[in-house]
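Breakdown of the fold
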Amino acid sequence: MMRVRILCVGKLKERYLSDACAEYLKRLTAFCKPEIVELPESRMPENPSEAEIAACLRREGEEILAKIPQGAMVIPLCIEGKQLSSEELAKELAGAGIRGISCVCLVIGGSWGLSEAVKSAGKLRLSMSRMTFPHQLARVMLLEQVYRAFSISAGSKYHK
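Below, the structure is looked at part by part. Keep in mind it's a predicted model, so treat the numbers as computed, not measured.

Brief notes about the nonpolar core
- Ranked by internal contacts, the top residues of the largest apolar core, which has 30 residues, are V4, I6, V104, L106, V146 and F150.
- Elements that contribute at least two residues to this core include exactly β1 (3-9), α1 (15-28), β3 (73-82), α3 (86-98), β4 (103-108) and α5 (135-154).
- Looking at this core element by element, the count peaks at seven residues for α5.
- Not counting the four nearest positions on each side in its chain, I6 is found in contact with E35, I36, V37, L106, I108, L142 and L143.
- I68, C103, L114 and V118 belong to the second-largest nonpolar core, a separate cluster that totals 13 residues.

In structure tokens, the structure reads:
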């Protein structure tokens, strides 16, 4: 069974978001071995300089890269990534399984985004939308889409 690891910078602060994530994690267990790995968000001053932002991204990037399992298909979420339909995401995940990839690792950065090193590690850069969402909400949205992708591949009625 494929493992799906979601690496997230920062913790969920709202209970309703935690509850939604827990629900999708529970549903995903029918299709894969899901897990969320939370990494600490770097502390930044109120108005950080470009150098402080770069240092933050570098530190967070090093922590993210250390948590990616060897041989995993890495999918960083970033604004310049490719926008996929739910069906296209289903094909990507199913294709990974067919190619013998046992772990897919999706990465959600902190409020400043992801380092270039993390983005470069990705097999596919994914954008959820051209719109901006809070990164905590992005976690729920990503879990729902991963669940929907597995449901599509399984031919279930969840995806209409």
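Section: the state of the cysteines
- This structure, assessed with the given rule, holds zero disulfides.
- Here C32 stays unpaired: no disulfide links it, and the sulfur of C103, its closest cysteine neighbor, is 9.9 Å away.
- No disulfide involves C78; its sulfur sits 14 Å from that of C105, the nearest cysteine.

Examining the pairing of β4
- For β4, a buried count of six out of six residues is recorded, marking the element as mostly surrounded by other parts of the structure.
- Burial along β4 is two-sided: C103, C105 and V107 and V104, L106 and I108, pointing in opposite directions, are all buried.
- One ladder, built from six bridges, connects β1 with β4; its direction is parallel. Along β4, the bridge assignment pairs V4 with V104.
- Inspection of the sheet shows β3 paired to β4 by four bridges, in the parallel sense. Following the sheet pairing, I75 is matched in β4 by L106.
- In this view, the connection linking β3 to its parallel neighbour β4 by way of α3 has right-handed handedness.

What to know about α5
- Between the first and last C-alpha of α5 there are 29 Å, a value that for 20 residues agrees with the 28 Å anticipated at 1.5 Å per step.
- G155 sits one or two positions beyond α5 and adopts a positive phi of about 75°.

Regarding the packing of aromatic side chains
- All told, the structure shown has four aromatic pairs when counted by the stated rule.
- Taking 5.9 Å as the distance between ring centres and 55° as the angle between the ring planes, the aromatic pair formed by F31 and Y147 counts as tilted. With F31 in the loop between α1 and β2 (33-39) and Y147 in helix α5, the pair connects residues that are 116 residues apart, well separated along the chain.
- The buried category is assigned to Y147, whose relative accessible area is 12%.

Remarks on α1
- The first and last C-alpha atoms of α1 sit 20 Å apart over 14 residues, in line with the 20 Å expected at 1.5 Å per residue.
- Listed as buried for α1 are L17, C21, Y24 and L28. One face of α1 carries all of its buried residues, which in axial projection span an arc of 65°. The outward face of α1, more than 90 degrees from its buried face, is lined by the exposed residues R15, Y16 and K26.

A few points about the side chain of K119
- As for its placement among the helices and strands, K119 is situated in helix α4 (residues 116-121).
- Setting aside residues up to four positions removed in sequence, K119 forms contacts with P76, C78, E80, L114 and R125.

Definitions and cut-offs
Residues numbered from 1 in each chain as written. Predicted model: local features only at pLDDT ≥ 70, side-chain atom pairs only at ≥ 80, totals over all residues. Heavy atoms only, no water. Core = buried A, V, L, I, M, F, W, Y, C linked by side-chain atoms within 4.5 Å. Buried < 20%, exposed > 50% of the residue type's maximum accessible area, 1.4 Å probe, protein only. Helix = DSSP H or I, 4+ residues; strand = E, 2+ residues; numbered from the N terminus. Contact = heavy atoms within 4.5 Å. Disulfide = S-S within 2.5 Å. Pairing = 2+ DSSP bridges. Right-handed = clockwise from strand over helix to strand, strands pointing away. Expected span 1.5 Å × (residues − 1). Phe/Tyr/Trp six-rings, centres within 6.5 Å; stacked < 30°, edge-to-face > 60°. Arc of directions from axis to C-beta.

Keep in mind these values describe shape, not function.
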